[in-house]
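Listed below, chain by chain, are the residues.
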Amino acid sequence: MNIKRMLLISFFVTLVTSAIFTWPLPRYLFSGIPASSTNVEIGGVRRMIEGDHLQMLYNYWIFSDMLTGQTPFWHNIYEFNTGDDSARRYVGPDLLPYSLIFTAGYLVGNRAFAWNLLCFTSLWMSYFICWLLVHRYTRETYASALGALLILYLPYRWASLLGGSPTGLSMLLPPLLFLGLDLAIRDARLLGGILAGCAMIVASFNDAHIFFMGMLAAPGWCLLALAAKENMRWLHWKDWFRMAVALLPFALIAGIPVIQSQLAVHGGAIESTTIEDGRSLREVSLFSPRPEGLFNWISTGHENSIFIGWLIPALLALGLLLLLWAALRRPRRYLPDLIVYLLLAAASIVLIILALGVNGPDHAHWFNLCRAHIPHYDMIRQPAKIYALFPPLLAILTALALRQILSLTTRCKPAARIAVLLFMAAAGMAYALQVRTTVCLLDEEQGAYAAVADDARAAGKDPRALIIPLWPGDSAWSSLYEHYVSLYRIRMLNGYLPVVPLNYINDIATFHEFSNVAIIPPAQWDDLRERGIDYILFHEDAFPEQVSNFPAAFTLRNLLLDPRLQLLRQDGNVWAFKLLEAPHQKTPPPALATWTLFLPTYNCSWEAEWGSPDQPLEPLREPSASGQACLPLSTGQSFRMHPFAHCEAPEAALLLRLRGNGTLRTDLLLDEHQTNTCIHSVHADNWTWLRIPAAPLEGTRLMQPVFTVTEGQLDLDAVISFAGILPDLSSPGAFWLIPAPLFFRAGYTDLEHNQIILRPDYQSDGGDWGIFYGPKLPIPAGTYDIAFNVQTDAPEGTPLGHFRLIQEGYESDTFPVIAGTPATATVTLPSNLPVKLSFNYARTAPLAIQSVTFTRK
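As the structure is a prediction and not an experimental result, all values here were calculated from the model.

Engineer: Would you mind showing me how to read the nonpolar core here?
Structural biologist: As a rule of thumb, soluble globular proteins bury nonpolar side chains together. Counting residues in hydrophobic clusters, the biggest one holds 272 residues, and the most contacted among them are Phe 803 and Phe 839. Contacts of Phe 803, omitting those with residues within four sequence positions, involve Ile 786, Phe 788, Asp 813, Thr 814, Phe 815, Val 817, Ala 823, Thr 824, Ala 825, Leu 837, Ser 838 and Phe 839.

Engineer: Help me understand helix 7 (residues 155-162) in this model?
Structural biologist: Since the α-helix advances by 3.6 residues per turn, residues separated by three or four positions end up pointing in the same direction. Across the 8 residues that make up helix 7, a large majority, 7, are buried. Inspection of helix 7 places Pro 155, Tyr 156, Arg 157, Trp 158, Ser 160, Leu 161 and Leu 162 among the buried residues, and these make up the whole buried set. Positive phi appears at Gly 164, one or two residues downstream of helix 7, with a value of about 85°.

Engineer: Where do I start with the environment of Ala 652 in this structure?
Structural biologist: Along the polypeptide, Ala 652 turns up in strand 14 (residues 652-670). With 42 residues separating them in the primary sequence, Ala 652 and Ala 694 have C-alpha atoms 5.4 Å apart.

Engineer: Honestly, the packing of aromatic side chains in this entry has me stumped. Any pointers?
Structural biologist: The geometry of two aromatic rings is summed up by the distance between their centres and the angle between their planes. Inspection of every chain in the model, using the stated rule, returns 41 aromatic pairs. Plain terms: the ring middles of Trp 61 and Tyr 78 are 5.8 Å apart, the flat faces sit at 50° to each other, and that makes the pair tilted. Of this pair, Trp 61 sits in helix 2 (residues 52-67) while Tyr 78 sits in the loop between helix 2 and helix 3 (98-108), and the two are 17 residues apart along the sequence. By relative accessible area, which is 2% here, Tyr 78 ends up buried. Geometrically, the ring pair formed by Phe 538 and Phe 543 is edge-to-face, given 5.8 Å between the ring centres and 85° between the ring planes. On the basis of relative accessibility, which here comes to 11%, the residue Phe 543 falls in the buried class.

Engineer: I would appreciate a short explanation of the sheet that holds strand 4 (residues 464-468) in the present structure.
Structural biologist: Two pairing modes exist for strands in a sheet, parallel and antiparallel, and in both the strands are linked by backbone hydrogen bonds. Read from one edge to the other, the open sheet built from 5 strands follows the order 5-4-6-8-7, with strand pairing classed as mixed. A strand with exactly one partner marks an edge of an open sheet, and here the two such strands are strand 5 (491-492) and strand 7 (565-571). Sheet analysis places strand 4 next to strand 6 (residues 535-539), joined by 4 bridges and oriented parallel. Of the residues in strand 6, the one forming a bridge with Ala 465 is Tyr 535.

Engineer: Could you clarify how one ought to interpret a nonpolar patch on the surface in this entry?
Structural biologist: On the surface, Leu 8, Phe 12, Leu 15, Val 16, Ile 20 and Met 429 cluster together into a nonpolar patch covering about 560 Å² of accessible area. Ranked by the residues each element gives to the nonpolar patch, the list is headed by helix 1 (residues 3-22), at 5 residues.

Engineer: Help me understand the pairing of strand 11 (residues 629-634), please; the structure alone is not making it clear to me.
Structural biologist: Residues in a regular strand point their side chains to alternate faces of the sheet. Where strand 10 (residues 620-621) meets strand 11, 2 bridges bridge the pair, whose relative direction is antiparallel. Across the sheet, residue Arg 621 finds its bridge partner in strand 11, namely Ala 629. Bridge analysis of strand 11 against strand 16 (residues 700-723) gives 4 bridges, and the strand direction is antiparallel. If you follow Ser 634 over to strand 16, its bridge partner there is Gln 713.

Engineer: For this particular structure, what's the right way to read the packing of helix 16 (residues 331-355) against helix 18 (residues 390-407)?
Structural biologist: To describe two helices that pack against each other, one gives the angle between their axes and the distance between the axes. In contact at an axis separation of 10 Å, helix 16 and helix 18 are set at 145° when each is read in the N-to-C sense. With respect to the hand of their crossing, helix 16 and helix 18 are arranged in left-handed fashion. Side by side, helix 16 and helix 18 meet where Arg 333, Tyr 334, Asp 337, Tyr 341, Leu 344, Ala 345, Ala 347, Ser 348, Leu 351 and Ile 352 of the first sit next to Phe 390, Leu 393, Ile 396, Leu 397, Leu 400, Ala 401, Arg 403 and Gln 404 of the second.

Engineer: Explanation requested: the state of the cysteines in the structure shown.
Structural biologist: Between two cysteines, a covalent bond joining their sulfur atoms is known as a disulfide. Per the counting criterion, the structure on display carries 0 disulfides. Unpaired in this structure, Cys 119 has its nearest cysteine sulfur neighbour in Cys 440, at a distance of 13 Å. Accessibility expressed as a relative area gives 0% for Cys 440, which makes it buried.

Engineer: Quick question: what am I supposed to make of the side chain of His 512 here?
Structural biologist: Topologically, His 512 is positioned in the loop between helix 22 (502-509) and helix 23 (522-530). Only 2.7 Å separates the side chain of His 512 from the side chain of Asp 527, close enough to count as a polar contact. Residues within four places of His 512 in sequence aside, it is in contact with Leu 470, Leu 493, Gln 524, Asp 527 and Leu 528.

Engineer: Where do I start with the environment of Ala 723 in this structure?
Structural biologist: Structurally, the position occupied by Ala 723 is in strand 16. Spatially, the C-alpha atom of Ala 723 lies 29 Å from that of Leu 617, the residues being 106 residues apart in sequence. Sequence-distant contacts of Ala 723, defined by excluding residues within four places in its chain, comprise Phe 550, Thr 596, Leu 597, Phe 598, Ala 649, Pro 650, Glu 651 and Ala 652.

Engineer: Would you explain the pattern of salt bridges in this entry?
Structural biologist: When the charged atoms of two side chains with opposite charge come close together, those side chains can pair. Per the counting criterion, the structure on display carries 32 salt bridges. In this structure, Glu 140 engages Arg 417 in a salt bridge whose closest nitrogen and oxygen atoms are separated by 3.4 Å. Pair noted here: Glu 140 is in the loop between helix 4 (111-138) and helix 5 (141-147) and Arg 417 is in helix 19 (residues 413-432), with a separation of 277 residues, a long-range link. What makes Arg 417 partly exposed here is its relative accessible area of 29%. Between Asp 527 and Arg 531 there is a salt bridge, and its shortest N-O distance comes to 2.9 Å.

Engineer: When you look at helix 3 in this model, what are you seeing that I'm missing?
Structural biologist: Turning to helix 3, its buried residues number three or more, namely Tyr 98, Ser 99, Phe 102, Thr 103, Gly 105 and Tyr 106. Down the axis, helix 3 shows its buried residues gathered within 165° of arc, on one side only. Turned more than 90 degrees from where helix 3 packs its buried face, Leu 107 and Val 108 sit exposed. Of the surrounding secondary structure, the elements contacted by the buried residues of helix 3 are helix 2, helix 4, helix 8 (166-170), helix 9 (173-186) and helix 10 (190-206).

Engineer: Quick question: what am I supposed to make of unusual backbone geometry here?
Structural biologist: A negative phi angle characterises most non-glycine residues, just as the trans form characterises most peptide bonds. Look at the link from Trp 23 to Pro 24: it is a cis peptide, with omega at 20°. Mapped onto the secondary structure, Pro 24 falls in the loop between helix 1 and strand 1 (32-36). With an omega dihedral of 0°, the bond running from Leu 96 to Pro 97 counts as a cis peptide bond. The backbone phi angle of His 363 is positive, close to 55°, even though this residue is not glycine. Checked against the element boundaries, His 363 lands in helix 17 (residues 361-373). Despite not being glycine, Ala 518 has its phi angle at roughly 60°, a positive value. By secondary structure assignment, the location of Ala 518 is in the loop between helix 22 and helix 23. By relative accessible area, Ala 518 is classed as buried at 6%.

Conventions used here
- Residues numbered from 1 in each chain as written.
- Predicted model: local features only at pLDDT ≥ 70, side-chain atom pairs only at ≥ 80, totals over all residues.
- Heavy atoms only, no water.
- Core = buried A, V, L, I, M, F, W, Y, C linked by side-chain atoms within 4.5 Å.
- Buried < 20%, exposed > 50% of the residue type's maximum accessible area, 1.4 Å probe, protein only.
- Contact = heavy atoms within 4.5 Å.
- Helix = DSSP H or I, 4+ residues; strand = E, 2+ residues; numbered from the N terminus.
- Phe/Tyr/Trp six-rings, centres within 6.5 Å; stacked < 30°, edge-to-face > 60°.
- Pairing = 2+ DSSP bridges.
- Patch = residues over 30% accessible without salt bridge, like charges linked within 9 Å, V, L, I, M, F, W, Y side chains within 5 Å.
- Areas by Shrake-Rupley, 256 points an atom, 1.4 Å probe, with all protein chains shown as cover.
- Salt bridge = Lys/Arg side-chain N within 4 Å of Asp/Glu carboxyl O.
- Axes fitted to C-alpha atoms, helices over the stretch in contact; angles between N-to-C directions.
- Left-handed = near helix turned anticlockwise from the far one by under 90°.
- Disulfide = S-S within 2.5 Å.
- Polar contact = N/O pair within 3.5 Å; in protein donor to acceptor, adjacent residues only side chain to side chain.
- Arc of directions from axis to C-beta.

Here it is as structure tokens:
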């Protein structure tokens, strides 16, 4: 084989294949990076999508920044910075050698180009190395070139690479490992042991999964190479000695990270993290693909990543038959190939079974066996990671099958070559259709972050900030922060790691968790100042329901009203505030006067039939109840809810859905101490909502409501915690106008006009939930006119999106929102259960959402 020719051919093959699989990425080489292989975005492109791709980009950028002298060497000072830069020192390989390729691209281009260059280089080297490996087992250049395409074809490669997983970049290492071991065993070449050792030490620098699984697979591949070794003299000790010498570099080089990892484990490095007890089966089940994903054309997510389709398995079945026939006719020539074929097929089946995780056959027997008996296997959260070993195996099988087919057609070889080429092209298109690339366009500036950096440096300080929402360190939302702080080199208290130290969770994330509602008690305030944190940055459109009791408007209101904070700047969806030495007088923005209602997140809605933590109560099936069940209580019976975090809010209250005749006593316990008692007499044959004022308090406390029927019989259905006064909509003509900022939504707040602005380049369409939704509060059953009040500069007739009304057991038609036409609807709600208006954005033009009005007919 001509290595230079193979390099050139593999380059162009990779270039064409990657352009097809990743389109429209080639249009954005200098402005965007891939974010996913399962696109759900309109047009496949959106700006600043959170995810692992941004985290990996940050990690490679920081190495480049060290090389250019902007960041101190061996210091990651811009995340998890608790006030001491020296505590962020580390000694590590910094993702070598990939980081060097990234740095080269960064120096001649920018971050987006550097990342795309690195991804392409990984794909190119994967194909080239796999081709070399496959050729050793087929001894036929054309078939091996086609078979090696599988390392570029399989959707798992693209799911990992485009999603920002380090596994995607490191999938060139298993074929390099296997090639090295093959050279060491079959040719007794020292170079083989060196290549295999280098593959594993690079894996240890970049992806622990590849390293772990590669080390597990190494003995098996050595056995496979022995089976394929020609003229093996099994009883000659010199042959075994040469192989041992050739493997010695592998043992020495790969042994270094093995020893290092064992020292880390026994040194307590894992015990002090969130995976000290391994991954639970419940957690693993969330990432375990189902078997139908292997062949199902329309699978998505985890199922899509393991897709192999029908064409290649059919080819392999035909190849097996042809190889069996050839081995029967010429056993000396083809029997070793048949043994290799069968061993590879068996190994492939094992990998597929393990990749299914808890969805594997026989109740995941083999997967559970690995977790029980292979050290550290229970730390794997995504079982499909083992698919990283699959492409080289499948490539060799495919090449052997193609070789046997070509060997049957010696008289019309050109036509046969064209036929198998077309077959592999068809297989490639089948795989390409499973990959739908999402491109994340990168911001190169952010005004609120710039304001923080400028203000701090003008005062002669390093900029340090707390960014809201604050996550416990393992959320992909924090990748947005990583990108923006890297633009201005701001040290943040936040961070993003797949495995988070427990001391960070306890000392930072838990201690400051109520900063997400911008309620900062003196102890937390003093802690921020002691750490040198002078700024708070607030991302109002990166605010999912789980981070707070209320939507983002509640946090923004508290930030704007806090006399200890000064607003520096708002730039789109990000707000920058400065911590002041002393409180100062503030004039609230006029819009805040209308922010009198704060909607409940899913953290603040409960079903009574879920029961009490210490009292087993028998629920009653009831079709008209929320969740189709309720909790009947008789005289003397109580329902004690689970405690929940309750925070200071204007007109905070509980809503209780119930029916029956009797007297209800409600005791509200704050931090297990009774603070408030309400007595209500209930006479309702139909479901009604009872408003129970929450106890006044400052800051945040754990609240536990206890409902006791002191007389009579009552059915309890659902409980909601919210803040505000609901209007009376029982009479025709009564209306409820809700300002848009109070909803759950993306976009940013325009305080001057009290509206929400959606931008097509930043916002998604919203998916099943919608990009804008609420109020998730009860409205009396009846007919209502709905007005979705919006404004846009788009030409008249431009479709802007659509909205619908959703209530348990009911979903309205969808109603279009069109530029120049009032967005209205008339709906009849069948019950008084909570209702949700959900809007999906067409991303055709910028859109201002002003309010939503419900008018009773």
